[in-house]
Each structure stands twice: as structure tokens, then as C-alpha cells.
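# Geometric and topological summary
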Amino acid sequence: MQVVKFGGTSVGKPERMKKIATLVTGMPGKKVVVLSALSGTTNSLVRIGDFLLANRPAQATAEIASLEKHYAGFIDELYESEAYKAIGQEIVSRYFSLFKLMAAGKFDDRGYRELLAQGELISTELFFHHCQERKINARLLPALHFMSIDENHEPELEKISERLQPILETMASADLLITQGYICRNHKNEIDNLKRGGSDYTASLIGAAIRAKEIQIWTDIDGMHNNDPRIVKKTVPIAELTFEEASELAYFGAKILHPSTIVPAQKYGVPVLLKNTMDEKAQGTLISERGSRGQFKAVAAKDGITAIKIKSSRMLLAYGFLRQVFDVFEKYKTPIDMISTSEVAVSVTIDENKFLNEIILELKNYGSIDVDQNQTIICIVGNMLAEKEGVLRDVFQALASVPIRMVSYGGSNNNISLLVETSHKEKALNLLNEGLFGL
Ligand code: ADP
Ligand code: ASP
Ligand code: MG
């Protein structure tokens, strides 16, 4: 069995939805097809939810109306026959009646999450009926029946796997099993999600849960590029990456993959293939245990980082100091991304500021604290064995004109992380593109 995921742009136009139906039916064997919401839908649902939480129902209603118009046009082009156009209309009016009902009543955080889940529910239902119209042997596989997260928002891979097996057995006669990306149930059995961009994560979780042969992620670009194409003009696709390299790139800001996508696939050694829906023939990127040679492979950047420096003479010649510092972050469930130390100070970075004030207050027990916000981690990935000379020279030469706040190197053989002010990000990514890749 194979898992094939299509992102928002890949299903965002009727002709693309038709094209992916042709594409997956042409692939050998049985497939679980994971779909995102149509491009723009989740953003629109976020706006509706924000308006409702802010008690601005008129604006929510206007946004609902414009989204409904979009869907009316979409189904008109998606289905051929009058009978299926009527089915499409019934689906759209059912979902939009629900939105209007939500806008008219009491709205809270739980309703918000329910609202966000509707994008993937509509896209899969529309796609399923398109397959029906074309007599493709497909079934709907409801993600809310098996995809779950625990109280720490971590997916429950074992449970997902246990729930999926019997469901798949009942659907054994179908060639395509169509399911929703992104959505899940939480520990209270409420509707929840895997955070923005989470459909990639769904595909990987299902791939790991059923020990799939391969996980394919189809998007609007020909694989993982060596640099962020939204910021740098000339970037090139990378043919192969190891799980570790891809994981670092995803975690450190390569938007093509949700930050946690690689974790489940790597756990069970399921290769992940990134492909371009707009250019099926392009090679894409294969992510597996194997990887390939090449010193510098790619660069990614993650914004919204806060650096915290703890300075204390108590650190000098003392043991146990770092443990006390880390305990504070553990208490507030705030992960640390980068760390660098001297004899009397330690700097760490975090990307989650929810408990920043509490953390600072507690850290003050251990020394004086400096906080820098609006920082960006630049992550350089490749084969950077410590025995190899010149690795850091090349990086620093490229970035000679950019102030660097922190450096992390040697933690693994395939990563150098640098912290810069976000205002220097664009320049840093472009200079690295020239200096490390000659682009
Ligand atoms: P989907 O809707 O299919 O999930 P996304 O918009 O989430 O697609 O991800 C694809 C986008 O990721 C690309 O269009 C590209 O702009 C962006 N991106 C950022 N960094 C990279 C990178 N290193 N390689 C490829 N794409 C990247
Ligand atoms: N539709 C969701 C989002 O836009 C999930 C995804 O596309 O992966 O974030
Ligand atoms: Mg995405």
C-alpha cells in the first residue's frame, strides 16, 4: 500500500482535482489518498473563526458568502452531469448551512477547531463524488475515526495503527481510500488538528501506521530546493536527502513540509517522495535512509525565535547549573532549539513564547537575563563531518557582512545553525546561496 498526499494548490482548481484522480488511478496498487483543503480555504476559515471570536458576525457572514460563491463555481466545473452537479450543490449547501449556524450561535475555541476541520471534510467529499462520477473504485476513509493526538498534542501512532487496521480490512475491495489531512481528535475526543500545514504529517503518520511502501507528497514545486524559493530567486531541487537532513530542513522552516512530517516515516523507514503536481515528470526529492553525497545540500530559515541569555558566575566550575536551567524550560513544556555556552553564560533559543514571562521570572533565580526577540535560525544542512576542514570557513566567508548572534556546530554531522536578527534573514539566505552553492 502507498500513501499519496495532495496539498491545497494540487486540489485548488477543478481541473487539478480531475488531474489528480487520473494520476492516482494510473499508479499501481492500492493507495490511501490524503487531501488538504482547497487552497485558500483554511485561511478563509481562520478569518471566519477570528471574526466570530472577536464578536464581529457581520464580517464573518460576508467571508462565508464569498467562500460559498467560490465553491459554487468549483462544483459547477468539477462535475459533468446534472445529477452530480446536484450532489455537489447538496454537499456545498450542507457545509455552508453549518457555517451560517455557527456564525449565528455561541462560538468558542472548540467551535473554532470544528470550523477549521471543515476544509478537508469538504475537499475529500467533493473528490470522492468526482471519483464516483468517473466510476473509480474509491471509498471515503474518515480521518476522525482513527487520527488522534494526546493531551500534549502528540499523535498517538500506536493507537492510530490499531484503529486503522480493521477499518482498512472492511475497505479491502476499494482501490483508492480517500482521507482528510490535518484533522484529528484530541484526548477529549473533540475535533482538533495537527497545526497548519498538517496534511503532510497526516500522510506520514498513516504511512508509518500501515508500514506503507512509500509516502508521496505532491505539491506545487519540484521537490525540496536548496534554499527558500520565496526569498531567494535562483534555487534548485535536491534529488536525494536523508531522513535527518529532511527532518532538520522541515523543522527549521522549509515550508514544503510540516515540521514533524519526517518523524513517523523515519521511525519505520518508509521513504518519502516529494513530487510536483504541476510537472509530473520532474524527478522530485527522495527522502530515505540512504541520502547522497555533497557537502552543503540546503539552507532553511525559521522566524519567530527568541534568544535568552542567562549569565551567572555560579556557572563557573559548577555542575548541575545547566540542569536547573533546563528544568525551567521543561516545566513550561517549551522546547529549546539552539544552545551555546561559555564559562559564565548560556544562551538558548525558543520558538514558543507562550510562557516567556514565567520562564524569565524563574530563570532570574539563576543569574541575570537578556532577551532578544525577532530572531531567525538559519539552518545549513549537508555532510559536514567535523574532520573535514574549511566547513565553517566557507559559511563565515559567505556571511562575512551579516552579524551572527549564535552558532551551533558539531551537534550532528549534518547541521550548522546560526542565529541572526530577522531583518538580516533575506540577505543571509542570498549570500549563502552564492557562497555555498554558487547560485
Ligand atoms: P501544499 O499546499 O502542497 O502543502 P505548501 O505551500 O505548504 O504546499 O508548500 C510548498 C511551498 O513551500 C512551495 O511553493 C515553496 O514556496 C515553499 N518552500 C519553502 N521552502 C522550500 C524549499 N526549501 N523547497 C521547496 N519549497 C519550499
Ligand atoms: N489545510 C491545512 C492548512 O492550510 C492543512 C494543510 O494544507 O496541510 O494548514
Ligand atoms: Mg503544506
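Remember, it's a predicted structure, so these values are computed and weren't measured experimentally.

How each quantity is defined
- Residues numbered from 1 in each chain as written.
- Chains lettered and ligands numbered in written order.
- Predicted model: local features only at pLDDT ≥ 70, side-chain atom pairs only at ≥ 80, totals over all residues.
- Heavy atoms only, no water.
- Helix = DSSP H or I, 4+ residues; strand = E, 2+ residues; numbered from the N terminus.
- Rg over C-alpha atoms; globule rule 2.2 N^0.38 Å.
- Buried < 20%, exposed > 50% of the residue type's maximum accessible area, 1.4 Å probe, protein only.
- Near = heavy atom within 4 Å.
- Polar contact = N/O pair within 3.5 Å; in protein donor to acceptor, adjacent residues only side chain to side chain.
- Areas by Shrake-Rupley, 256 points an atom, 1.4 Å probe, with all protein chains shown as cover.
- Nonpolar A, V, L, I, M, F, W, Y, C, P; charged D, E, K, R; others polar.
- Axes fitted to C-alpha atoms, helices over the stretch in contact; angles between N-to-C directions.
- Parallel < 35°, antiparallel > 145°, perpendicular 65-115°, else oblique.
- Left-handed = near helix turned anticlockwise from the far one by under 90°.
- Contact = heavy atoms within 4.5 Å.
- Expected span 1.5 Å × (residues − 1).
- Bend = angle between axes of the 7 residues up to and from the residue.
- Salt bridge = Lys/Arg side-chain N within 4 Å of Asp/Glu carboxyl O.
- Pairing = 2+ DSSP bridges.
- Phe/Tyr/Trp six-rings, centres within 6.5 Å; stacked < 30°, edge-to-face > 60°.

We now examine the overall build of the protein. The helix and strand inventory of the protein stands at 14 helices and 16 strands. By the compact-globule yardstick of 22 Å for 439 residues, the protein fits well, its C-alpha radius of gyration being 24 Å. Taken along its principal axes, the extent of the C-alpha atoms in the protein is 75 × 50 × 40 Å. Going through the 439 residues of the protein one by one, you find that 53% of them count as buried.

Let us look at unusual backbone geometry. Note: most peptide bonds trans; most residues except glycine with negative phi. The backbone of Asn 189 sits at a positive phi, close to 70 degrees, despite the residue not being glycine. Note that Asn 189 resides in the loop between β5 (183-185) and β6 (191-193). Although it is not a glycine, Lys 333 adopts a positive phi angle of roughly 45 degrees. In this fold, Lys 333 is placed in the loop between α11 (321-331) and β12 (336-341).

Here the focus is the site of ligand 1. Taken together, 16 residues sit near ligand 1, with Lys 5, Thr 219, Asp 220, His 225 and Lys 255 positioned nearest. Within the side chain of Lys 5, an N or O atom sits 3.1 Å from an oxygen atom of ligand 1. Residue Asp 220 places a side-chain N or O atom 2.8 Å away from an oxygen atom belonging to ligand 1. Contact with the protein chains covers 87% of the free accessible surface of ligand 1, which is 570 Å². Per-class residue counts for the shell around ligand 1 are five nonpolar, six polar and five charged.

The next thing to look at is the packing of helix α2 (residues 14-25) against helix α4 (residues 57-78). The N-to-C vectors of α2 and α4 enclose an angle of 45 degrees; their axes lie 8 Å apart at closest approach. Classified by the angle between their axes, α2 and α4 sit oblique to one another. Here α2 runs over α4; the crossing is right-handed. Of α4, the residues touching α2 (which contributes Pro 14, Glu 15, Met 17 and Lys 18) are Phe 74, Glu 77 and Leu 78. Considered class by class, the residues forming the contact of α2 with α4 number four nonpolar, no polar and three charged.

Moving on: helix α6 (residues 109-133). In a regular helix each residue adds 1.5 Å, so 25 residues correspond to 36 Å; α6 covers 37 Å between its end C-alpha atoms and thus fits that length. At Gln 118, α6 shows its largest bend, some 25 degrees. Counting buried positions along α6 yields 21 of 25 residues, so the element is predominantly enclosed. One or two steps after α6, the chain reaches Lys 135, where phi turns positive at roughly 60 degrees.

Attention now moves to the environment of Ala 104. Position of Ala 104 relative to the elements: it lies in helix α5 (residues 82-104). Separated by 206 residues in sequence, Ala 104 and Ile 310 place their C-alpha atoms 50 Å apart.

Every residue close to ligand 2 is listed here: Ser 36, Ala 37, Thr 42, Glu 120, Tyr 182, Arg 196, Gly 197, Gly 198 and Ser 199. The separation between a nitrogen atom of ligand 2 and a polar side-chain atom of Glu 120 is 2.6 Å. Between ligand 2 and the protein, one listed contact pairs an oxygen atom with a backbone N or O atom of Gly 198 at 3.4 Å. Burial of ligand 2 by the protein amounts to 86% of the accessible area it has alone, namely 260 Å².

Okay, the pattern of salt bridges next. Here the structure, examined in full by the defined rule, presents 24 salt bridges. Linking Lys 5 and Asp 200 is a salt bridge whose minimum nitrogen-to-oxygen distance equals 2.6 Å. Of the two residues, Lys 5 sits in strand β1 (residues 2-6) while Asp 200 sits in helix α8 (residues 199-209), which places them 195 residues apart along the sequence. Residues Lys 5 and Asp 200 agree in their burial class; the two are buried. Between Asp 76 and Lys 85 there is a salt bridge, with its nearest N and O atoms 3.6 Å apart. Judged by relative accessible area, Lys 85 falls into the buried class, the value being 16%.

To continue, consider the sheet that holds strand β3 (residues 138-140). Within the open sheet, the eight strands sit side by side as β3-β4-β2-β1-β7-β9-β10-β8. Their pairing is mixed. This sheet does not close on itself; its edge strands, each paired only once, are β3 and β8 (240-242). Across the sheet, the mean angle separating the axes of adjacent strands is 20 degrees when strand polarity is ignored. Examined bridge by bridge, β8 and strand β10 (residues 285-288) share three bridges and lie parallel to one another. The residue of β10 that forms the bridge with Thr 242 is Ser 288. Packing against the sheet, helix α9 (residues 243-251) makes contact with β8 and β10, and its axis sits at approximately 90 degrees to β8.

Tallied over the entire structure, the rule returns eight aromatic pairs. Residues Tyr 71 and Phe 74 carry aromatic rings whose centres are separated by 6.5 Å and whose planes lie at 40 degrees to one another, so their mutual orientation is tilted. Placement of both Tyr 71 and Phe 74 in helix α4 is noted, with a separation of three residues, approximately one turn of the helix. Given the relative accessible area of 3%, Phe 74 is considered buried. With centroids separated by 6.2 Å and ring planes inclined at 40 degrees, the aromatic side chains of Phe 107 and Tyr 112 adopt a geometry described as tilted. Accessibility classification places Phe 107 together with Tyr 112 in one group, the buried group.

Any link to function would need more than the numbers given here.
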